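Observations on chain architecture
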Amino acid sequence: MVQPTPQSSDALHRRGLMFILSSPSGAGKTTISRMLLEGDPAIRLSVSATTRPMRPGEVDGKDYHFVTQEQFDQMIEDEQFLEWAHVFGHSYGTPKAQVKAGLREGQDFLFDIDWQGTQQLYQKLETDVVRVFLLPPSIDELRRRLTGRGTDSAEVIAARMERARAEISHWDGYDYVVVNDDIEECFAKVREILHAERMKRARQTGLIGFVRELMRP
Ligand code: ADP
Ligand code: 5GP
């Protein structure tokens, strides 16, 4: 097999991208995110800050930076967020620092954020953003998944179902929409979107020098 050399197109420098996955709660974005992150070191989760309590199994600094409302407000004041929003009665925000530096170095970031955050990121960093929305195959299946996940009380599930229709109504603010019926099929589609977006000419910042070299008489 031919190994890529610094001159080969496989090694060309590219700018990282911001891959946003949104969905109504329970449609599968955590599951798809995990599958993407496990198989591909070029993409990393952007870890949000939140004021909501930690759930069993969550790790501070890995799933979220868990902060108090005072700390969150100070971060807003210090302009440390790319975007932030209130969701389900808590504050959530995307810290700026790691993302900006990473993108320059060719690191991709995965964002598990809602439609409000998506709009804000798109307004700020349009050319770096790729927006993907997951839909459940049906409302009944969405309810089954939320119940089957076993992380929420009946009241919380009812509130999430109540919100699901409102969240689904934002489907047209996304570049890609994928119905998550079969998990493997859905994952394959999301991965194809990521791979194709990486090949966009504007992201391949090493192309200019590479092509210049190809065209040298
Ligand atoms: P979200 O992060 O969007 O709230 P999750 O990824 O936690 O959703 O998925 C909700 C539940 O549905 C989980 O128990 C997950 O294992 C299950 N699930 C996700 N995708 C599918 C699928 N395609 N088919 C069946 N179950 C699924
Ligand atoms: P959960 O509490 O279930 O982890 O997340 C609740 C909702 O908050 C999800 O819709 C998730 O996408 C959204 N969310 C998580 N982090 C952020 C963030 O940094 N910004 C915004 N706008 N939404 C977020």
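Here's a quick rundown of the structure. (Residues numbered from 1 in each chain as written. Chains lettered and ligands numbered in written order. Predicted model: local features only at pLDDT ≥ 70, side-chain atom pairs only at ≥ 80, totals over all residues. Heavy atoms only, no water.)

1. Quick look at the layout of surface pockets
Its volume calculated, the largest pocket comes out at about 1300 Å³. In this structure, the largest pocket is lined by 45 residues; those nearest its centre are Lys29, Thr30, Arg55, Tyr64 and Asp112. Elements that contribute at least two residues to the lining of the largest pocket include exactly helix H1 (29-39), strand S5 (81-87), strand S6 (90-95), helix H5 (139-149) and helix H6 (154-168). Looking at the lining of the largest pocket element by element, the count peaks at 7 residues for H1. Here the lining of the largest pocket is built from residues that sort into 15 nonpolar, 14 polar and 16 charged. (1 Å grid on protein atoms, 1.4 Å probe; cavity = no way out; pocket = protein on both sides within 12 Å on 5 of 7 lines; lining within 4 Å. Points joined across faces, edges and corners; volume = space filled by probe spheres on them. Helix = DSSP H or I, 4+ residues; strand = E, 2+ residues; numbered from the N terminus. Nonpolar A, V, L, I, M, F, W, Y, C, P; charged D, E, K, R; others polar.)

2. Overview of the site of ligand 1
Taken together, 15 residues surround ligand 1, and among them Gly26, Thr30, Thr31, Arg149 and Asn180 come closest. Between an oxygen atom of ligand 1 and a main-chain N or O atom of alanine 27, the distance comes to 3.4 Å. Glycine 28 places a polar main-chain atom, nitrogen or oxygen, 3.0 Å from an oxygen atom of ligand 1. Here ligand 1 loses 77% of its free accessible area of 570 Å² to cover by the protein chains. In a pocket analysis with a 2 Å cut-off to the grid points, ligand 1 is assigned to the largest pocket. Listing elements by their share of the shell around ligand 1, those giving two or more residues are H1 and H5. If one sorts the elements of the shell around ligand 1 by residue count, H1 sits on top with 3 residues. Residues that form the shell around ligand 1 fall into these classes: 3 nonpolar, 7 polar and 5 charged. (Near = heavy atom within 4 Å. Polar contact = N/O pair within 3.5 Å; in protein donor to acceptor, adjacent residues only side chain to side chain. Areas by Shrake-Rupley, 256 points an atom, 1.4 Å probe, with all protein chains shown as cover. Sits in = over half its atoms within 2 Å of the grid points.)

3. Considering the pattern of salt bridges
Once their charged atoms are close, side chains differing in charge can pair, the charge on each being opposite to the other. Within this structure, the stated rule accounts for 15 salt bridges. Among the ionic pairs, aspartate 175 bridges to arginine 131, the shortest N-O distance being 2.7 Å. Of this pair, aspartate 175 sits in the loop between H6 and strand S9 (176-179) while arginine 131 sits in strand S8 (residues 129-135), placing them 44 residues apart in sequence. Looking at arginine 131, the relative accessible area reads 12%, which means it is buried. A salt bridge links lysine 200 to glutamate 197, with the nearest nitrogen and oxygen atoms 3.2 Å apart. Overall, glutamate 197 belongs to the buried group, its relative accessible area being 6%. Because the salt bridges share partners, they merge into one network encompassing Arg14, Asp40, Asp108 and Arg198. (Salt bridge = Lys/Arg side-chain N within 4 Å of Asp/Glu carboxyl O. Buried < 20%, exposed > 50% of the residue type's maximum accessible area, 1.4 Å probe, protein only.)

4. Focus: the site of ligand 2
What surrounds ligand 2 is a group of 17 residues, the closest being Ser48, Arg52, Tyr64, Glu83 and Tyr92. Between ligand 2 and the protein, one listed contact pairs an oxygen atom with a side-chain N or O atom of arginine 52 at 2.6 Å. For ligand 2, an oxygen atom lies 2.8 Å from a polar atom in the side chain of aspartate 112. Look at ligand 2: alone it shows 510 Å² of surface, and the protein chains cover 93% of it. If you map ligand 2 onto the pockets, it falls in the largest pocket. Going through the elements one at a time, S5 and S6 are the ones with two or more residues in the shell around ligand 2. Here the residues of the shell around ligand 2 sort into 6 nonpolar, 4 polar and 7 charged.

5. Observations regarding the packing of H1 against helix H7 (residues 183-198)
Look at H1 against H7: their axes get within 10 Å of each other, and the N-to-C directions meet at 60°. Judged by the inter-axis angle, H1 sits oblique to H7. Judged by the sense of rotation from one axis to the other, the crossing of H1 with H7 is right-handed. Across from Thr31, Ile32, Met35 and Leu36 in H1, the residues of H7 making contact are Ile183, Glu184, Cys186, Phe187, Val190, Arg191 and Leu194. Within the contact of H1 with H7, the residues separate by chemical class into 8 nonpolar, 1 polar and 2 charged. (Axes fitted to C-alpha atoms, helices over the stretch in contact; angles between N-to-C directions. Parallel < 35°, antiparallel > 145°, perpendicular 65-115°, else oblique. Left-handed = near helix turned anticlockwise from the far one by under 90°. Contact = heavy atoms within 4.5 Å.)

Functional significance is not addressed by these values, which are geometric in nature.
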